[in-house]
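Chain residues, written in single-letter form:
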Amino acid sequence: EHFGKMPQFFETIESVQLPAQEAGSRAALENVSLAYMLKHTPIGTVLLTSIQFFAACGLLVSLAAQEREKGSLRALLLTPATYFEFVASKALVHGGLAIGTSVLVVLAINLSVLASLLFWTTILLATMGYFALGLLITSFAKNQTAPNLLSFTYLLAIGTLNLLSMRFEVFQLLSALT
């Protein structure tokens, strides 16, 4: 009413007819489910990588920095537990969380993947790699903000590297090494 007599929104839209071959592909796209997308696109891989990074690296970094700031890390290191037992307990918790969550996602997407040796090898190596990265970042950080920024920076750098490797062959080797 404020702008006067304006045409209604639907009166100004003109329908566009799709060519016959595109109409079939449009119908096929409308029937695609989230499970199909996760199964047949890189989205599933990105989702699993994000889960692995968050559970095995991000949470480790955040919780270890919090333990250091509050002084509970010093109390833990003064217990009779050895350093190896301390790190092994963190690896068991964070690694179990990363692997368990990844398996739940794969159960929802495609159950047959769980029978693949390549899947289990990849998940175990990714978990160990992200856990090692988390320990490395934690060892350099003095407060809780620094390790979170370092882990986020790493995640952005790896994403950028993977994107560049899709466009330029020079970055493919670096992407494969990560």
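The structure this text deals with has already been given above.
Residues numbered from 1 in each chain as written. Predicted model: local features only at pLDDT ≥ 70, side-chain atom pairs only at ≥ 80, totals over all residues. Heavy atoms only, no water.

### Some details on the packing of helix α5 (residues 83–109) against helix α6 (residues 117–140)
Here comes step 1: At their nearest, the axes of α5 and α6 sit 10 Å apart, and the two run at 140° to each other. In this view, α5 runs oblique relative to α6, as classed from their interaxial angle. In terms of crossing hand, the pair formed by α5 and α6 is right-handed. Packed against α5, whose contacting residues are V87, K90, A91, H94, G95, A98, I99, S102, V103 and V106, the element α6 presents F119, W120, I123, L124, T127, F131 and L135 at the interface. (Axes fitted to C-alpha atoms, helices over the stretch in contact; angles between N-to-C directions. Helix = DSSP H or I, 4+ residues; strand = E, 2+ residues; numbered from the N terminus. Parallel < 35°, antiparallel > 145°, perpendicular 65-115°, else oblique. Left-handed = near helix turned anticlockwise from the far one by under 90°. Contact = heavy atoms within 4.5 Å.)

### What about α6?
Here comes step 1: Its 24 residues place the ends of α6 35 Å apart at the C-alpha level, agreeing with the 34 Å of an ideal helix rising 1.5 Å per residue.
Here comes step 2: Among all positions of α6, only F119, I123, T127, Y130, F131, L133, G134, I137 and T138 are buried.
Here comes step 3: The opening residue of α6 is S116, an N-cap whose side-chain oxygen sits 3.3 Å from the backbone nitrogen of L118. (Expected span 1.5 Å × (residues − 1). Buried < 20%, exposed > 50% of the residue type's maximum accessible area, 1.4 Å probe, protein only. Polar contact = N/O pair within 3.5 Å; in protein donor to acceptor, adjacent residues only side chain to side chain.)

### What to know about the side chain of T138
Here comes step 1: Along the chain, the position of T138 falls in helix α6.
Here comes step 2: Owing to a relative accessible area of 11%, T138 belongs among the buried residues under this scheme.
Here comes step 3: Not counting chain neighbours up to four residues away, the residues in contact with T138 comprise L60, V61, A64 and R68.

### Digging into the side chain of T127
Here comes step 1: Turning to its location among the elements, T127 is positioned in helix α6.
Here comes step 2: In this structure the side chain of T127 is engaged in a polar contact, spanning 2.7 Å, whose partner is the backbone oxygen of I123.
Here comes step 3: Look past the residues within four positions of T127 in its chain and what remains in contact with it is Q52, A56, G95, A98 and I99.

### Regarding the packing of aromatic side chains
Here comes step 1: Across all of its chains, the model carries two aromatic pairs by this definition.
Here comes step 2: Here F53 and Y130 contribute two aromatic rings whose centre-to-centre distance is 5.5 Å and whose plane-to-plane angle is 85°, an arrangement assigned as edge-to-face. Residue F53 is found in helix α3 (residues 43–70), and its partner Y130 is found in helix α6; the two are separated by 77 residues along the sequence. Of the two residues, F53 and Y130, neither departs from the other in class, the shared state being buried.
Here comes step 3: Considering the side-chain rings of F119 and W120, the 5.2 Å spacing of their centres and the 75° angle between planes classify their relative orientation as edge-to-face.
Here comes step 4: Accessibility expressed as a relative area gives 9% for F119, which makes it buried.
Here comes step 5: The class for W120 is partly exposed, based on a relative accessible area of 29%. (Phe/Tyr/Trp six-rings, centres within 6.5 Å; stacked < 30°, edge-to-face > 60°.)

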